[in-house]
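Residues per chain, in single letters:
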Amino acid sequence: MAVIHRTTMSPGKLELLAAWMPSKPWYRGGDPPLLAKAGGFRLDDPEGEVGIEFMVVTDTSGDSPVTYQVPLTYRGAPLEQAEDGLIGTSEHGVLGRRWIYDGAHDPVLVAQLLALLAGRTAAQDQNASGVPDPTVEVLTGGPGVPRGLTGPGAVTDTADASLVTVGPLTQEDPVPTLALNRVLRPGRAPAGDGAAGRVLAGWSAPDGARQHGQFAHLAASGR
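Just so it is clear, the model here is predicted, and its values are computed rather than measured.

1. Quick look at the packing of aromatic side chains
Each aromatic ring pair is described using two quantities: the centre-to-centre distance and the angle formed by the ring planes.
Reasoning step 1: Applying the stated criterion across every chain, the model contains 6 aromatic pairs.
Reasoning step 2: For the ring pair Phe41 and Phe215, a centre distance of 5.9 Å and an interplane angle of 45 degrees mean the geometry is tilted. Of this pair, Phe41 sits in strand β2 (residues 35-43) while Phe215 sits in strand β12 (residues 210-219); the two residues are 174 residues apart in sequence, bridging distant segments of the chain.
Reasoning step 3: Taken together through their ring pairs, the aromatic side chains of Trp20, Trp26, Tyr27 and Tyr68 make up a single cluster.

2. Brief notes about the sheet that holds strand β1 (residues 9-10)
Reasoning step 1: Taken in spatial order, the 6 strands make up an open sheet running β1-β5-β6-β4-β3-β2, and their pairing is antiparallel. The sheet terminates laterally at β1 and β2, the two strands that pair on one side only.
Reasoning step 2: Sheet analysis places strand β5 (residues 86-92) next to strand β6 (residues 96-102), joined by 6 bridges and oriented antiparallel. What sits directly across from Thr89, in β6, is Trp99.

3. Quick word on the sheet that holds β12
The strands making up a sheet are joined through hydrogen bonds of the backbone, oriented either antiparallel or parallel.
Reasoning step 1: Strand order in the open sheet formed by 6 strands is β7-β11-β12-β10-β9-β8, and the pairing between neighbours is antiparallel. In this open sheet, the two strands that pair with only one neighbour each are β7 (137-140) and β8 (155-157). Within this sheet the neighbouring strands show an average axis-to-axis angle of 20 degrees, counted without direction.
Reasoning step 2: As defined by bridge partners, strand β11 (residues 197-204) adjoins β12 across 8 bridges and the pair is classed as antiparallel. Bridge pairing links Arg198 to His217 in β12.

4. Digging into the pattern of salt bridges
Reasoning step 1: Applying the stated rule across the entire model yields 7 salt bridges.
Reasoning step 2: Where Arg42 meets Glu53, a salt bridge forms, and the shortest distance between an N and an O atom there is 3.5 Å. Placement of the pair is Arg42 in strand β2 and Glu53 in strand β3 (residues 51-59), with a sequence separation of 11 residues.
Reasoning step 3: Its relative accessible area of 12% is what places Arg42 among the buried residues.
Reasoning step 4: Overall, Glu53 belongs to the buried group, its relative accessible area being 1%.

5. Remarks on the pairing of strand β10 (residues 177-181)
Reasoning step 1: Within β10, 5 of the 5 residues are buried, leaving the element largely enclosed by the surrounding structure.
Reasoning step 2: Residue alternation in β10 divides its side chains into two sets, Thr177, Ala179 and Asn181 and Leu178 and Leu180, and both sets are buried.
Reasoning step 3: Here 5 bridges tie strand β9 (residues 161-165) to β10, and the two strands are oriented antiparallel to one another. Counterpart to Ala161 in the pairing with β10 is Asn181.
Reasoning step 4: Sheet topology note: the β10/β12 ladder contains 4 bridges and is antiparallel. Its bridge partner lying in β12, Thr177 is registered against Ala219.

Reading the values: rules and limits
Residues numbered from 1 in each chain as written. Predicted model: local features only at pLDDT ≥ 70, side-chain atom pairs only at ≥ 80, totals over all residues. Heavy atoms only, no water. Phe/Tyr/Trp six-rings, centres within 6.5 Å; stacked < 30°, edge-to-face > 60°. Helix = DSSP H or I, 4+ residues; strand = E, 2+ residues; numbered from the N terminus. Pairing = 2+ DSSP bridges. Axes fitted to C-alpha atoms, helices over the stretch in contact; angles between N-to-C directions. Salt bridge = Lys/Arg side-chain N within 4 Å of Asp/Glu carboxyl O. Buried < 20%, exposed > 50% of the residue type's maximum accessible area, 1.4 Å probe, protein only.

Structure (structure tokens):
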């Protein structure tokens, strides 16, 4: 179970994200961004070593507000061969120095997101320890999410998402793609796209209205 500490981080998460996000192809605001936290949820690392957060931020630096998902992991030491995913380091008031990664590049986050899609774990409240988040919705389709997938493989950022290849069970299987929506939009998931599973969750719009939409889905190669 992840333990949420009521303490400080220096620099803070929004400060780190404001310096990092403008370099990404899915970012569509000004530089620097004007970020506000808008929601999210957490997953537990079974080993209790890595913090996993699916953070939602809204940026008001552009012509109109845009809401983004930023999956984050928090580690007590650098993650080998993940330099491309490093967002920055921060001094945590309880845990000391933390290395903060874009979770699309972190195998622990990818494994737990696949477990969530397969129904083997549950989403947790973003701000409370040991409290499930029942507003996070998992939908499955077709044969469902198979066991034995691993990742991340290649990570490709597009104008709307990060596409993460996850290892097939055998070389004959198509290579599945785990898509993490970066630009969040309210509404139900599209039908007929062949997704084996998808995650929907909520966030707050700038006017305080509650929104709900797709955060991630798993599809076969080419979908």
